[in-house]
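Structural description and commentary
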Amino acid sequence: MRPAERDAEEQPARPCSRCGVDLLLHWHGPLGTGVWMELCVACEAHRPAARAFIRWHRDADRDPRALPQLFEDWEAETMRAHGWVRAKEPEAPFSPPAPPGLTPRGRG
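Some points on the overall build of the protein chain
- The number of helices and strands found in the protein chain is three helices and two strands.
- Listing every helix and strand of the protein chain by position from the N terminus yields β-β-α-α-α.
- For the protein chain, the proportion of its 108 residues judged to be buried stands at 24%.
- Long-range contacts, defined as pairs at least 24 residues apart, comprise 36% of the intrachain contacts of the protein chain with a sequence gap of at least 6.
- For the protein chain, the accessible surface area stands at approximately 8900 Å², while carbon and sulfur atoms represent 56% of it.

The structure is reproduced here in structure tokens:
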């Protein structure tokens, strides 16, 4: 292994399709949407979720536990700009309680 090699997880530099600046992140949107999401410091700074993600990325003391929520917010914001909205989670169907007097296996 050579020191000049990139980490397998690291994305290669890619220019923004709008302004040509290197992207902070590029990502395929949810399966079946055909949306290619780009996080560009120059083009996305006006959008709240993108701005929060950019600030987090630039912060040397960033908390890695915040990343999943930042990514989800940015993804939702980007997909909304392309006309997609995240569906609500379906509620679990009602199931009646177990009849009284029945003892679960392994007990009693």
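Back to the text.
Here's the deal with the pattern of salt bridges
- Throughout the structure, instances matching the rule amount to seven salt bridges.
- The salt bridge partner of Asp 63 is Arg 65, with a shortest N-O separation of 3.1 Å.
- A residue is classified by how much of its surface remains accessible, and Asp 63, at 31% relative accessible area, is partly exposed.
- By relative accessible area, which is 70% here, Arg 65 ends up exposed.
- When salt bridges that share partners are traced, they join Arg 18, Glu 38, Glu 44, Arg 47 and Glu 77 into one network.

A short note on helix α3 (residues 67-81)
- Between its first and last C-alpha, α3 extends 21 Å over 15 residues, near the 21 Å set by a 1.5 Å rise per residue.
- Contacts from the buried residues of α3 go to β1 (25-28), β2 (36-39) and α2 (48-58).
- Once α3 ends, the next one or two residues include Gly 83, with phi positive near 90°.

Description of α2
- Those residues of α2 that fall on the buried side of the exposure criterion are Ala 49, Ala 50, Phe 53, Ile 54 and Trp 56. One side of α2 holds all its buried residues, which, seen down the axis, span an arc of 160°. Looking at α2, the residues exposed on the side facing more than 90 degrees away from the buried face are Pro 48, Arg 55 and Arg 58.
- On the buried face of α2, the contacting elements are β1, β2, α1 (41-44) and α3.

Concerning the side chain of Thr 78
- Its location among the elements puts Thr 78 in helix α3.
- Given a relative accessible area of 4%, Thr 78 falls into the buried group.
- Sequence-distant contacts of Thr 78, that is, excluding residues within four places in its chain, are made with Met 37 and Arg 47.

A look at the nonpolar core
- By size, the foremost hydrophobic cluster in this structure holds twelve residues: Leu 25, Val 35, Met 37, Leu 39, Ala 50, Phe 53, Ile 54, Trp 56, Leu 70, Phe 71, Trp 74 and Met 79.
- Of all the secondary-structure elements, those providing two or more residues to this core are β2, α2 and α3.
- Excluding its chain neighbours within four sequence positions, the residues that come into contact with Phe 53 are Leu 25, Leu 39, Leu 67, Leu 70, Phe 71 and Trp 74.

Parameters and conventions
- Residues numbered from 1 in each chain as written.
- Predicted model: local features only at pLDDT ≥ 70, side-chain atom pairs only at ≥ 80, totals over all residues.
- Heavy atoms only, no water.
- Helix = DSSP H or I, 4+ residues; strand = E, 2+ residues; numbered from the N terminus.
- Buried < 20%, exposed > 50% of the residue type's maximum accessible area, 1.4 Å probe, protein only.
- Contact = heavy atoms within 4.5 Å.
- Areas by Shrake-Rupley, 256 points an atom, 1.4 Å probe, with all protein chains shown as cover.
- Salt bridge = Lys/Arg side-chain N within 4 Å of Asp/Glu carboxyl O.
- Expected span 1.5 Å × (residues − 1).
- Arc of directions from axis to C-beta.
- Core = buried A, V, L, I, M, F, W, Y, C linked by side-chain atoms within 4.5 Å.

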